[in-house]
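What the coordinates show
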Amino acid sequence: MAVVGAGAVGLAAALALAREGIRTALVGRHAPVADGRTVALLDGSVRLLRALGAWEALEPQAAPLAEMHLIDDTGSLFRPPPARFVAREIGLDAFGWNIESARLVEALRARARAVPEVTLVEHDSAGCTVAADRAVLALEGGGGVDARLVVAADGGLSPLREAAGLPARRWTYPQKALTTILAHTRDHREVSTEFHTREGPFTLVPLPGGRRSSLVWVSAEARAEALSALDDDALGRAIERQAQSMLGQMRIDGPRGLVPMRGLSVPRPVGPRLALVGEAAHVFPPIGAQGLNLGLRDAAALRDAVAGSRDPGDEAVLSGFARGRALDARLRTGAVDTLNRSLLTAFLPSDLARGAGLLALSTIGPLRRLVMREGVTPRLGTPTLMRG
């Protein structure tokens, strides 16, 4: 087996396959980017990382998300009260744990170095040739890797997907997301807060220590670029105003990033001896902690699909994997896209529908618990390594 892509999803896929005794080459250069991005690892993803032997090193660097608050700050005529979601209501200590993305990749890579079945190939792929019974990856600088199956975890621009001719639907949003790390004077109390504004979500997510949080501030492109150009003091004040001073004075305490808002969907994420996982198969805005968690479910589901198979690249095996991932990817992509677009319009019926939905979640206990459970880990098709 060969996995192309040295990010979190590629590393998790390689480790999951190696756990089954499948010798796996992980192809790609290690180049973590310090851009202030974090990831909220939901409960199922933490179960996967624990099964892969990586969670013990990660846990001290992660902050639990015991509560999630949604606040309508759109100025809509129909403004529901804040919605509050508590993990203990569904029997969990936390919905998930928030950790800096670079730390997650570093810990997974350290784990991969310690697993004999994983071979790290520190070169980029330079193309793939497919034969009846195998694929051959060419490497930049010469040489190659033979594999019965190639797993493309090479990102939204995926050269492997493009070379295989797999169709993809693409779209963009008139927004960018500003990301950074903050220090603040009030304790976050393990509460993640998302303000829904007319330009997009403004989200504060706890980090370890009580008085540090990560920020994802989605706004119109021009405003996001203007915010990004501010010095640290001015940006801290702007964030404090947008957060309604709920965490007190804000100070920039880490690197910044500016992320374009775009989407991508691949109807059938497999080709001849090729399986797509992570952003090679689906991309959507950083809203609701769904993107990386969906990619990690891809990795765990691929492990289930090929475990015990004499030929992991067989068309029937790959078709089963594609069918199993279709509903999960479609639902998550659709939900995030619908929420984001609903914030960008002042169309009253849209505001009414969104507000009524939040009100229903706040007041109808069984519905709220169902949505919380489904948001953390889907009931249908949950991969083995993510099950409770």
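Under the annotation held in an unreviewed UniProt entry, the protein chain carries the name Ubiquinone biosynthesis protein UbiH and is attributed to Methylobacterium platani JCM 14648. Check the Pathway (unreviewed entry) section of the UniProt entry for the protein chain; it says "Cofactor biosynthesis; ubiquinone biosynthesis."

Here the focus is the sheet that holds strand 9 (residues 125-130). Note: strands within a sheet are paired through backbone hydrogen bonds, in either parallel or antiparallel orientation. Strand order across the open sheet formed by three strands is 9-10-11, with antiparallel pairing between neighbours. Each end of this open sheet is capped by a strand with a single partner; those strands are strand 9 and strand 11 (144-147). Neighbour to neighbour, the strand axes of the sheet diverge by 20° on average, direction disregarded. In this sheet, strand 11 lies alongside strand 10 (residues 135-139) in antiparallel orientation, the contact comprising four bridges. Following the sheet pairing, Leu 137 is matched in strand 11 by Val 145.

Among the 16 residues in strand 13 (residues 169-184), 12 count as buried, and that is most of the element. Across eight bridges, the pairing between strand 13 and strand 18 (residues 257-265) is antiparallel. Bridge pairing links Trp 171 to Gly 263 in strand 18. Pairing analysis gives nine bridges linking strand 13 to strand 16 (residues 212-220), with the strands arranged antiparallel. Residue pairing in the sheet places Thr 179 in a bridge with Val 216 of strand 16.

Cut-offs and rules
- Residues numbered from 1 in each chain as written.
- Predicted model: local features only at pLDDT ≥ 70, side-chain atom pairs only at ≥ 80, totals over all residues.
- Heavy atoms only, no water.
- UniProt positions renumbered as here; feature names shortened; annotations may be inferred.
- Pairing = 2+ DSSP bridges.
- Helix = DSSP H or I, 4+ residues; strand = E, 2+ residues; numbered from the N terminus.
- Axes fitted to C-alpha atoms, helices over the stretch in contact; angles between N-to-C directions.
- Buried < 20%, exposed > 50% of the residue type's maximum accessible area, 1.4 Å probe, protein only.

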